[in-house]
Amino acid sequence: MRLGVIDIGSNTVHLLVVDAHPGAQPLPAFSHKTELRLSENLEADGRVSDRTADRLVAFIRECLEVAEDQGVGDLFAFATSALRESPNGDAVIERVRVETGVELEALSGPDEARMTFLAVRRWFGWSSGRLLVVDIGGGSLELATGLDEEPDVALSLPLGAGRLTREHLHDDPPTEAAARELRSLVRSALAEQVRPLLTSGSPDRAVGTSKTMRSLARIAGAAPRAEGPFVRRTLTRDDLRAIVARVRPLDEAARSLLPGVSEGRARQLYAGALVAEAALDLLQVEQLDICPWALREGLILRRLDHLAS
């Protein structure tokens, strides 16, 4: 079966086509994406502008053409925090349905955490024991822990790298005062929420997922993507402490020259590093293993499970 999933995130809209069968590993077959920067192109009241909605509809139409060309037999789509939290998010979702026929599922934050956790569990397997998963997106931070495929605790916090940059870091590079203020805010917000994760038991394996974590690991010396998904990649507290100090004085252009950092993600790299460092400190974790699977793969796996049943 060839399956396609359209992921409408805070930064990018991404169609991933996979060859997938129940009980087998989904194999990527084709990728088509654009940097819509949804969270950065909102009106002052947080509404999605007509121009941005036009671009979204146009790109989803492109995705439908690509999916047909690629022989996709089952296509589904989902949206995360930027569209979910927008005052006119429901209206944009309805417009997408009317103009393209695509039914967008607006995932809740805890659902994002649960689906990412499922992907990590399937990737590392049962021998990993209790997992702790840290996923830094553009609009939110997802945290989950558990022994099974369904986590015992699944949290979503408004600590995404893009959101924090947009709301708190107005200079390029950020001033020392703004950096200190953001560091304090992130740690206070996390400290209020981590108790359920800490009392659920110590993890046997702590895992980081998604683009921000992969970029940070790459800066710390992890193998490039070209070496394949099965190379072990890690990120430590010491790595993050060094990255935070290194990145803060750099402007956006200089950050984009760091290994693993794209131009589109360079501006929000510092906020992402602050969140990652705070998460490891407050969760008392020394090291993360980087997982190549995240939310998209979790949703694909859920879809396959439902089709199989």
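Residues numbered from 1 in each chain as written. Predicted model: local features only at pLDDT ≥ 70, side-chain atom pairs only at ≥ 80, totals over all residues. Heavy atoms only, no water.

The protein appears in an unreviewed UniProt entry as Ppx/GppA phosphatase family protein from Terrabacter ginsenosidimutans. The UniProt entry for the protein carries the following text under Sequence similarities (unreviewed entry): "Belongs to the GppA/Ppx family." (UniProt positions renumbered as here; feature names shortened; annotations may be inferred.)

### Here we look at the sheet that holds strand E7 (residues 141-146)
Overall, mixed pairing links the six strands, which are arranged E8-E7-E6-E9-E11-E10 in an open sheet. Looking at strand neighbours, the two that pair on one side only are strand E8 (153-157) and strand E10 (234-236), the edges of this open sheet. Looking at each pair of strands side by side, their axes are set apart by 25 degrees on average, direction ignored. Bridging between E10 and strand E11 (residues 287-291) involves three bridges; their strand directions are antiparallel. (Pairing = 2+ DSSP bridges. Helix = DSSP H or I, 4+ residues; strand = E, 2+ residues; numbered from the N terminus. Axes fitted to C-alpha atoms, helices over the stretch in contact; angles between N-to-C directions.)

### A short note on the pairing of E11
Most of E11 sits out of view: four of its five residues are buried. Examined bridge by bridge, strand E9 (residues 205-209) and E11 share three bridges and lie parallel to one another. Among the inter-strand pairings, Thr-209 is bridged to a residue of E11, identified as Cys-291. (Buried < 20%, exposed > 50% of the residue type's maximum accessible area, 1.4 Å probe, protein only.)

### Describing the UniProt feature "domain: Ppx/GppA phosphatase N-terminal" (unreviewed entry) in the protein
Following the UniProt record, the feature "domain: Ppx/GppA phosphatase N-terminal" (unreviewed entry) maps to residues 26-305 here. Between the first and last C-alpha atoms of residues 26-305 the distance is 12 Å; the span itself is 48% helix and 17% strand.

### Topic: the environment of Ala-308
With respect to the secondary-structure elements, Ala-308 resides in helix H13 (residues 295-308). Remark: the alpha-carbon pair of Ala-308 and Pro-22, spanning 286 residues in sequence, is separated by 6.0 Å.

### Digging into the layout of surface pockets
Reported here for the second largest pocket is a volume of approximately 150 Å³. Lining the second largest pocket are 13 residues, with Leu-42, Ala-82, Glu-85, Arg-163 and Arg-166 positioned closest to its centre. Secondary-structure elements contributing two or more residues to the lining of the second largest pocket are helix H2 (81-84) and helix H5 (161-168). With three residues, the top contributor of residues to the lining of the second largest pocket is H5. (1 Å grid on protein atoms, 1.4 Å probe; cavity = no way out; pocket = protein on both sides within 12 Å on 5 of 7 lines; lining within 4 Å. Points joined across faces, edges and corners; volume = space filled by probe spheres on them.)

### Things to note about the sheet that holds strand E1 (residues 2-8)
Spatial strand order, E3-E2-E1-E4-E5: five strands in an open sheet with mixed pairing. Of all strands in the sheet, those bounded by a partner on one side alone are strand E3 (27-34) and strand E5 (104-106). Averaged over all adjacent pairs, the angle separating strand axes in this sheet is 20 degrees, with direction ignored. As paired strands, E1 and strand E2 (residues 13-19) are joined by seven bridges and run antiparallel to one another. The residue of E2 that forms the bridge with Leu-3 is Val-18. Here helix H1 (residues 50-69) sits on the sheet in contact with E1, E2, E3 and strand E4 (74-79), set at roughly 150 degrees to E3. Across the sheet, H13 is in contact with E1, E2, E4 and E5; its angle to E4 comes to roughly 135 degrees. (Contact = heavy atoms within 4.5 Å.)

### What about empty space enclosed by the protein?
Leftover empty space is mapped by rolling, across the atoms, a probe with the size of a water molecule. One pass over the full model with this rule turns up two cavities of 30 Å³ or more. Each pocket or cavity is described by its volume, and for the largest cavity that value is around 50 Å³. In this structure, the largest cavity is lined by Lys-211, Thr-212, Ser-215, Arg-265, Gln-268 and Leu-269. Partitioning the lining of the largest cavity into residue classes produces one nonpolar, three polar and two charged. If you add up the space inside the second largest cavity, you get close to 40 Å³. (Nonpolar A, V, L, I, M, F, W, Y, C, P; charged D, E, K, R; others polar.)

### Re the nonpolar core
Core analysis: the largest hydrophobic core is formed by 47 residues, its most contacted members being Leu-141, Leu-190 and Leu-283. Counting residues per element, this core draws most heavily on helix H12 (residues 269-282), which supplies ten residues. Here Leu-141 is in contact with Val-134, Asp-135, Ile-136, Leu-155, Ser-156, Leu-157, Leu-159, Gly-160, Leu-190 and Val-275, once residues within four sequence places are set aside. Counting 26 residues, the second-largest nonpolar core is a separate cluster that includes Leu-15, Leu-38, Ala-53 and Ala-77. (Core = buried A, V, L, I, M, F, W, Y, C linked by side-chain atoms within 4.5 Å.)

### Overview of the pattern of salt bridges
Evaluated as defined, the whole model comprises 28 salt bridges. The partner of Glu-40 in a salt bridge is Arg-37, and the shortest N-O contact between them spans 3.3 Å. By relative accessible area, Glu-40 is classed as partly exposed at 40%. Across the pair Glu-99 and Arg-61 runs a salt bridge whose closest N-O atoms are separated by 3.5 Å. Here the residue Glu-99 occupies a position in helix H3 (residues 89-100), and Arg-61 occupies one in helix H1, the gap between them amounting to 38 residues. Residue Arg-61 is classed as partly exposed on the basis of its relative accessible area, which comes to 39%. One salt-bridge network, held together by shared partners, links Arg-187, Arg-237, Asp-238, Arg-241, Glu-277, Asp-281 and Glu-286. (Salt bridge = Lys/Arg side-chain N within 4 Å of Asp/Glu carboxyl O.)

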